[in-house]
Amino acid sequence: MKKGVNIQKLSFISVSVLVPVLVAILIYLPKKDFAASGGWVTELPFYNAIINSLTALLLIVGVFFVKTRKITLHKISMATAFLLGVVFLVFYVIYHASVTSTHFGGEGWVKGVYFFFLISHILLAMIVVPLVLAAVYFAIFDKLDSHRRIVKYTFPVWLYVSVTGVIVYLMISPYYIN
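The residue numbering used here restarts from 1 in each chain and proceeds along that chain's sequence as written. Since the coordinates come from a predicted model, pLDDT governs what is reported: local features require at least 70, and pairs of side-chain atoms require 80 or more to be given and counted, while whole-chain, interface and lining totals use all residues. Excluding hydrogens and water, the side-chain figures rest on all heavy atoms present in the structure.

Asks: Quick rundown of unusual backbone geometry? Include the residues and the values.
Replies: Despite not being glycine, R69 shows a phi value in the positive range, around 60°. Here R69 shows up in the loop between α2 (44-67) and α3 (71-98). Here D142, not a glycine, exhibits a phi torsion of approximately 55°, which is positive. Every helix listed is a DSSP run of H or I at least four residues long, and every strand listed is a run of E at least two residues long, numbered separately from the N terminus. Mapped onto the secondary structure, D142 falls in the loop between α4 (109-140) and α5 (144-172). Exposure categories follow from relative accessible area, calculated using a 1.4 Å probe and restricted to protein chains: below 20% of the type maximum is buried, above 50% is exposed, and the middle band is partly exposed. Of the residues examined, D142 reaches a relative accessible area of 57% and is grouped as exposed.

Asks: Now, about the packing of α2 against α5: what can you tell me, with residues and values included?
Replies: Only C-alpha atoms enter the line fits that serve as axes; for helices the fit covers just the stretch in contact. Angles between N-to-C directions range over 0 to 180 degrees. Contact geometry of α2 with α5 gives a least axis separation of 9 Å together with a crossing angle of 150°. Classified by the angle their axes make, α2 and α5 are roughly antiparallel. Helix-helix and strand crossings are classified by hand; for α2 and α5 the assignment is left-handed. Contacts between α2 and α5 pair P45, F46, A49, N52, S53, T55, A56, L59, I60 and V63 from the former with F155, W158, L159, S162, V163, G165, V166 and Y169 from the latter. For the contact of α2 with α5, a count of residues per class yields 13 nonpolar, five polar and no charged. Angles are sorted into four bins: roughly parallel if under 35 degrees, roughly antiparallel if over 145, roughly perpendicular if 65 to 115, and oblique for all others. Rotating anticlockwise by less than a right angle from the far helix to the near helix defines a left-handed crossing, while the corresponding clockwise rotation defines a right-handed one. By definition, residues are in contact when any of their heavy atoms lie within 4.5 Å. Just so you know the grouping, Ala, Val, Leu, Ile, Met, Phe, Trp, Tyr, Cys and Pro go in nonpolar, Asp, Glu, Lys and Arg go in charged, and all remaining residues, Gly too, go in polar.

Asks: I'd like to hear about a nonpolar patch on the surface, residue by residue, with values.
Replies: Side chains of V17, L18, V21, L22 and I25 sit close together on the surface and give an oily, nonpolar patch of about 420 Å² of accessible area. Here L22 is to be found in helix α1 (residues 2-28). Note that patches include only residues with greater than 30% relative accessible area and no salt bridge, and the join distances are 9 Å for like charges and 5 Å for nonpolar side chains (Val, Leu, Ile, Met, Phe, Trp, Tyr). The Shrake-Rupley method, run with a 1.4 Å probe, gives the accessible areas here. Residue values count only the displayed protein chains as cover. Throughout this description, the term salt bridge denotes a Lys or Arg side-chain nitrogen within 4 Å of a carboxyl oxygen of Asp or Glu.

Asks: For the nonpolar core, give the residues involved together with the corresponding values.
Replies: We define a nonpolar core as any set of buried Ala, Val, Leu, Ile, Met, Phe, Trp, Tyr and Cys residues linked to one another through side-chain atoms lying within 4.5 Å. L59, A81, V128, F138, I150, V157 and W158 are the most contacted members of the largest nonpolar core, which totals 19 residues. If you list the elements that add at least two residues to this core, you get α2, α3, α4 and α5. The dominant element in this core, judged by the number of residues it contributes, is α4, at seven residues. Setting aside residues up to four positions removed in sequence, V157 forms contacts with L124, V128 and L131. One finds F104, Y114, V168 and M171 within the second-largest nonpolar core, a separate group that totals six residues.

As structure tokens, then:
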């Protein structure tokens, strides 16, 4: 049993480190112009904003369900939020591997607000991956005490990342070049 736990922990740590590193690398790699071959890639930020909105809603609903002891509905909500997170990540990677970064065109105090949301969103997005994976791991393997302890941190960070993802999208979307 000990070997299984070690393999599980190694897998968890590997994915937790690998995902943010790969995303960071993709942002700086040369871009293939998939946008010119149909333009569908340029629509991905819009869909990611929808995914982030749905994720935020599912997180809130999931907490409501667990507080009202509707555990099956809680599990469904959280599993759906997790799956949406996976879809988000795939879309995010495709987009950033394909399209050059858009620069925010706002001026004055709005620019400061935008960069506050963007920087806090990026930093917490890197932290949320291992937190979510740990919460899911503890839930799947019925380690509910550990699950309860980590979701006290995971929930607010994940919710903040989801909501600020939408805010950042709404603020920068007027500057996208299609």
